[in-house]
Amino acid sequence: MKRKTLGLFAALAVLAFGISLFVGRYSISPAEILRPESMSFRVFFNLRLPRTAVALIAGAGLALGGYVFQTLFSNPIASPDIIGVASGAGTGAACAILIFGSGALTTACGAMAGGFLAVVMALALVRRAGSQNTAAFLLAGIVVNSLAQSALMAIKLAADPESQLASIEYWLMGSLSAVTGNKALPVCILALLGIVPLVAMSKTVDLLSLPSDEAQLLGVNVGKMRGLVILLATLAVTAVTSITGLISFIGLLAPHGARLILKNNSRATLVLSMLMGGILVLGADCLARSLLTRELPISILTSLIGAPYLVWLMVKRGGRV
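Since the model is a prediction, treat every value here as computed from it, not as a measurement.

### Some points on the packing of helix α3 (residues 85-100) against helix α4 (residues 104-129)
- Interaxial distance between α3 and α4 falls to 6 Å at its minimum, and their mutual angle equals 140°. Overall, the two elements α3 and α4 adopt an arrangement that is oblique. The two elements α3 and α4 meet at a crossing, and its hand is right-handed. Facing α3, whose interface residues are Val85, Gly88, Ala89, Gly92, Ala93, Ala96, Ile97 and Phe100, α4 presents Thr106, Thr107, Gly110, Ala111, Gly114, Gly115, Ala118 and Val119.
- Taken together, the residues of the contact of α3 with α4 break down into nine nonpolar, seven polar and no charged.

This is the structure:
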């Protein structure tokens with residue numbers, strides 16, 4: 001059952017990947033893709049292929065981050081926001097735009113630095129509190145998220161409304177329009193440096209969902225492994241966020257969809273979460289560049305799916321989160 005399900009969604013991911021390569025304002029001729037002098041060749045290899053690859057890895061990385069945080073904190077609505085990763089990345093990007101302008105490299109570096117700083121602050125708060133339980137991490141995440149949101153509002157107030165503020169707001173809505181061939185490779189490499197180890201450590205991730213004393217009895221160094229898993233998940237999330245901006249709800253939707261199908265937490269569920277995340281981002285990106293004459297921010301589309309799902313989840317659980 002698991003193999004058939006994973007095979008089906010892998011096939012759907014390949015199909016979505018193939019469709020994404022040929023969706024856009026410029027019509028690509030398959031016959032001209034291999035002719036280096038043709039416009040189809042340049043559009044395909046410089047724009048469409050990198051954008052599609054980043055969309056797939058972005059969906060996988062965000063879904064993996066959601067799966068990890070939901071598992072670690074035993075919280076069904078946990079996402080990369082749970083310890084301030086997304087809000088920290090947004091604040092870092094906004095700060096870079098305010099200081100250096102809206103250059104792609106400086107914005108990406110600012111986003112990654114902000115995401116990691118948020119995680120380091122959360123981990124430092126937990127260590128300072130002298131507790132390694134789930135509640136301490138959740139509380140630290142709430143504190144860091146609030147601080148990042150306050151800093152972001154201050155940056156918006158200081159930004160030039162004519163240029164900087166518009167760039168900040170557009171980045172926060174998420175888009176893959178800035179992805180090109182020379183930007184995609186380093187982002188994909190960094191994301192995979194977080195994704196691959198986490199997939200290999202999936203059993204450890206599941207053990208960390210147990211109470212700390214039980215996990216320690218099973219041979220897990222809870223403090224070190226929890227910190228390592230959080231940092232790897234942060235690397236996967238911030239790497240893709242640095243170039244795509246904030247893409248909402250993927251970290252919530254994909255892991256829940258995988259659990260609804262497989263009915264458990266396992267490596268297969270983790271992999272299915274990543275496949276579903278990739279499919280969701282590929283589909284949303286295709287719609288974002290084809291629904292209107294002007295490209296839509298991708299978070300508009302993911303939010304239209306994610307917000308109703310969150311309401312349904314809360315109603316199903318009787319308001320308990």
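### Some thoughts on the nonpolar core
- Grouped together as the largest cluster of nonpolar side chains are 58 residues, with contacts concentrated most on Phe69, Ile83, Val229 and Ile230.
- Contributions of two or more residues to this core are made by α2 (39-73), α4, α5 (134-158), α7 (181-200), α10 (222-244), α12 (267-288) and α13 (298-316).
- Of all hydrophobic cores here, the second largest spans eleven residues; its members include Ala89, Ala93, Ala94 and Ala111.

### Regarding the layout of surface pockets
- Of the volumes computed, that of the largest pocket is approximately 480 Å³.
- Lining the largest pocket are 25 residues, and of these Ala104, Thr107, Ala108, Ser242 and Ile243 lie nearest its centre.
- Broken down by element, the residue count for the lining of the largest pocket peaks at six residues, all from α4.
- For the lining of the largest pocket, a count of residues per class yields 14 nonpolar, ten polar and one charged.
- When its volume is computed, the second largest pocket comes out at roughly 340 Å³.
- Along its surface, the second largest pocket is lined by 18 residues, and Ser79, Asp81, Ile247, Ser248 and Phe249 are the ones closest to its centre.
- The set of elements that each furnish at least two residues to the lining of the second largest pocket consists of α10, α11 (250-262) and α13.
- In terms of residues, the lining of the second largest pocket owes the most to one element, α11, which gives three residues.

### Structural notes on the state of the cysteines
- Throughout the structure, instances matching the rule amount to zero disulfides.
- Of all cysteine sulfurs, the one in Cys95 lies closest to Cys109, which takes part in no disulfide; the gap is 13 Å.
- The class for Cys109 is partly exposed, based on a relative accessible area of 47%.

### Some points on the pattern of salt bridges
- This model, assessed by the stated rule, comprises six salt bridges.
- Of the charged contacts in the structure, one is a salt bridge between Lys156 and Glu169, with a shortest N-O distance of 3.2 Å. Taken as a pair, Lys156 in helix α5 and Glu169 in helix α6 (residues 164-173) lie far apart in primary sequence, 13 residues in all.
- The salt bridge involving Arg289 is made with Asp285; its shortest N-O contact spans 3.1 Å.
- Each of the salt bridges in this network shares a partner with another, and the network as a whole consists of Arg51, Asp285, Arg289 and Glu295.

Conventions we followed
Residues numbered from 1 in each chain as written. Predicted model: local features only at pLDDT ≥ 70, side-chain atom pairs only at ≥ 80, totals over all residues. Heavy atoms only, no water. Axes fitted to C-alpha atoms, helices over the stretch in contact; angles between N-to-C directions. Helix = DSSP H or I, 4+ residues; strand = E, 2+ residues; numbered from the N terminus. Parallel < 35°, antiparallel > 145°, perpendicular 65-115°, else oblique. Left-handed = near helix turned anticlockwise from the far one by under 90°. Contact = heavy atoms within 4.5 Å. Nonpolar A, V, L, I, M, F, W, Y, C, P; charged D, E, K, R; others polar. Core = buried A, V, L, I, M, F, W, Y, C linked by side-chain atoms within 4.5 Å. Buried < 20%, exposed > 50% of the residue type's maximum accessible area, 1.4 Å probe, protein only. 1 Å grid on protein atoms, 1.4 Å probe; cavity = no way out; pocket = protein on both sides within 12 Å on 5 of 7 lines; lining within 4 Å. Points joined across faces, edges and corners; volume = space filled by probe spheres on them. Disulfide = S-S within 2.5 Å. Salt bridge = Lys/Arg side-chain N within 4 Å of Asp/Glu carboxyl O.

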